Structure formats: C-alpha cells, structure tokens
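Coordinates in review
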Amino acid sequence: MVDAKRIKSVLDFMAVVGRLKKVKRTGWVRSGVAGAESVSDHMYRMAMMGFAMGSSEGVDGGKCIKMALVHDLAESIVGDLVVDGDKKDNITREDKLKLERKAIDDITAGLGGSAGEEIKTLWEEFEAGESVEARHLKDLDRFEMVLQANEYEEDQNMELPSFFKTTEGKFATPLFKALDAEVRERRKGRMEESSSAKRRKVDEK
C-alpha cells in the first residue's frame, strides 16, 4: 500500500510546479509583449535544448535536462524577479538569491526523498555556475531569452533591444557564442530589410 504522506507530498509538489504555468516572464510583460510566455514555457524549451545539444557538447545531457527543469522552480513561490535590464525590480541580486534559496528549501523539504535532495543539489549547482553542465545551462538560459526576444520582435512587429543589450558578450561557451551571433545576424538582416521596406513606401508616396 502506498504511504498516504507520500501521496500528499507528491500532489503538493505537483501543485507547486503547476503554478509555473501561471507565472508570466516579467521582462516580456513589462515590455508590452502580447501573450507573454510563462516560466514553464521557458523551462520546457530549455529542457528540449539541453536534450538536443547536451551530450554533443561534452556535458551530461540527462543532467542538463534535469537542471533546466529545476533552475527556475523557486519562481513558483517568489515570482519572476528581474535584476538586469531597464525594467528591474527593487531588489538586489543577493536578496533575490536568498528568497529563491528559501523557496527551494521549502519545496524540496515538502517533497522529501531522493528526488527532493536531487532537485536541491541541481538548483545549487546551477546557481554556483561552476560545473560544465551549469556553465552550459547558464548560456542556454541566456540564449533561450535571446531567441524568444527575436521571435517576439518578428511575430509582433516590435523592438526589444534591452534583451539583446544585457546579453551581449555574456556567453561563455563556443556553441552559444556561435548561436547568439547567428540570431543577432539574422535580426540585423531583418531590421535592415524592414527599414528598406519603410523607405520604399515613403518614396512611393
């Protein structure tokens, strides 16, 4: 027979995870993006990117997927607090980390067992940013935001320069330096084409 306390702890944990579907990514909301993605949207694509690219880059692909799935878990309690860019929250990076660590401690203590321990360990490893997987995921996290910013610009005919400014020159690994450069080059071409099209319309009048 399955232990009743275990059933409760798992269901409580699933409820916490489910909140991430409702937590919108603050930067997009404050920038006027329509239908801004949720934190769980962001984490899902990060996990898929970790799956697709992890092992080929000499890192543990399985560990990368797990780390991607837990790295923003604390936001289910504290929300998506912003400490970079021109639309920041009134909080220091250090205080944000304290709030998130307390949230992770509470979440993993509630879940318990080996899974709770692994989630806490992976979260701490990501925050430390010292292992090869953590460095890979830090870059992946930044790149997913750059990719999403480019998609929002294209889909909603808007400009989101701060997301490109705050990530410029911040990538540490060759793969993500190359991916970032390619997205920026495509963005440049798109913006130049848009400017040319606008000039043509003005000339035609």
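Everything below is about the structure printed above this text.
What comes next is a walk through the structure. This is a predicted model, so every value here is computed, not measured. (Residues numbered from 1 in each chain as written. Predicted model: local features only at pLDDT ≥ 70, side-chain atom pairs only at ≥ 80, totals over all residues. Heavy atoms only, no water.)

**Considerations on helix α4 (residues 61-70)**
- Those residues of α4 lying buried are Gly 61, Cys 64, Met 67, Ala 68 and Val 70.
- Buried residues along α4 sit against α3 (39-53), α7 (113-128) and α8 (132-156).
- The residue sitting at the N-terminus of α4 and contributing the capping side-chain oxygen is Asp 60; that oxygen lies 3.1 Å from the backbone nitrogen of Gly 62. (Buried < 20%, exposed > 50% of the residue type's maximum accessible area, 1.4 Å probe, protein only. Helix = DSSP H or I, 4+ residues; strand = E, 2+ residues; numbered from the N terminus. Contact = heavy atoms within 4.5 Å. Polar contact = N/O pair within 3.5 Å; in protein donor to acceptor, adjacent residues only side chain to side chain.)

**Some points on the side chain of Thr 167**
- As for its placement among the helices and strands, Thr 167 is situated in the loop between α9 (161-165) and α10 (174-204).
- Contact partners of Thr 167, with chain neighbours within four places excluded, come to Arg 142, Met 145, Val 146 and Arg 184.

**Notes on the pattern of salt bridges**
- As enumerated under the stated definition, the model contains 18 salt bridges in all.
- Across the pair Glu 100 and Lys 96 runs a salt bridge whose closest N-O atoms are separated by 2.9 Å. Of this pair, Glu 100 and Lys 96 both sit in helix α6 (residues 93-111), four residues apart, which is roughly one turn of the helix. You'll find Glu 100 and Lys 96 in the same group, each marked buried.
- Across the pair Glu 153 and Arg 187 runs a salt bridge, and its minimum N-O distance is 2.6 Å. One end of the pair, Glu 153, is in helix α8; the other, Arg 187, is in helix α10, and 34 residues separate them in sequence.
- A relative accessible area of 2% places Glu 153 in the buried class.
- Where salt bridges share partners, they join Arg 101, Asp 105, Lys 120 and Glu 124 into one cluster. (Salt bridge = Lys/Arg side-chain N within 4 Å of Asp/Glu carboxyl O.)

**Some points on the nonpolar core**
- Counting residues in each nonpolar core, the largest one holds 43 residues, and the members touching the most others are Trp 28, Val 33, Leu 73, Leu 137 and Leu 160.
- Every element with two or more residues in this core is listed here: α1 (4-19), α3, α4, α6, α7, α8, α9 and α10.
- Aside from chain neighbours lying at most four places away, what touches Val 33 is Trp 28, Tyr 152, Gln 156, Met 158 and Leu 160. (Core = buried A, V, L, I, M, F, W, Y, C linked by side-chain atoms within 4.5 Å.)

**Some thoughts on the packing of α6 against α7**
- α7 packs onto α6 with a crossing angle of 165 degrees between their chain directions and a minimal axis gap of 7 Å. Comparing the axis directions of α6 and α7 gives the class roughly antiparallel. Relative to α7, α6 is oriented so that their crossing is right-handed. From α6, Leu 97, Glu 100, Arg 101, Ile 104, Asp 105, Thr 108 and Leu 111 reach across to α7, where they touch Gly 113, Ala 115, Gly 116, Ile 119, Lys 120, Trp 123, Glu 124 and Glu 127.
- Of the residues assigned to the contact of α6 with α7, the class counts are six nonpolar, three polar and six charged. (Axes fitted to C-alpha atoms, helices over the stretch in contact; angles between N-to-C directions. Parallel < 35°, antiparallel > 145°, perpendicular 65-115°, else oblique. Left-handed = near helix turned anticlockwise from the far one by under 90°. Nonpolar A, V, L, I, M, F, W, Y, C, P; charged D, E, K, R; others polar.)

**Re the packing of α1 against α6**
- It is at 8 Å that the axes of α1 and α6 come closest, and there the two elements cross at 145 degrees. On the side of α1, the interface is formed by Arg 6, Ser 9, Val 10, Phe 13 and Val 16, while α6 contributes Ile 107, Gly 110 and Leu 111.
- Across the contact of α1 with α6, the residue classes tally to five nonpolar, two polar and one charged.

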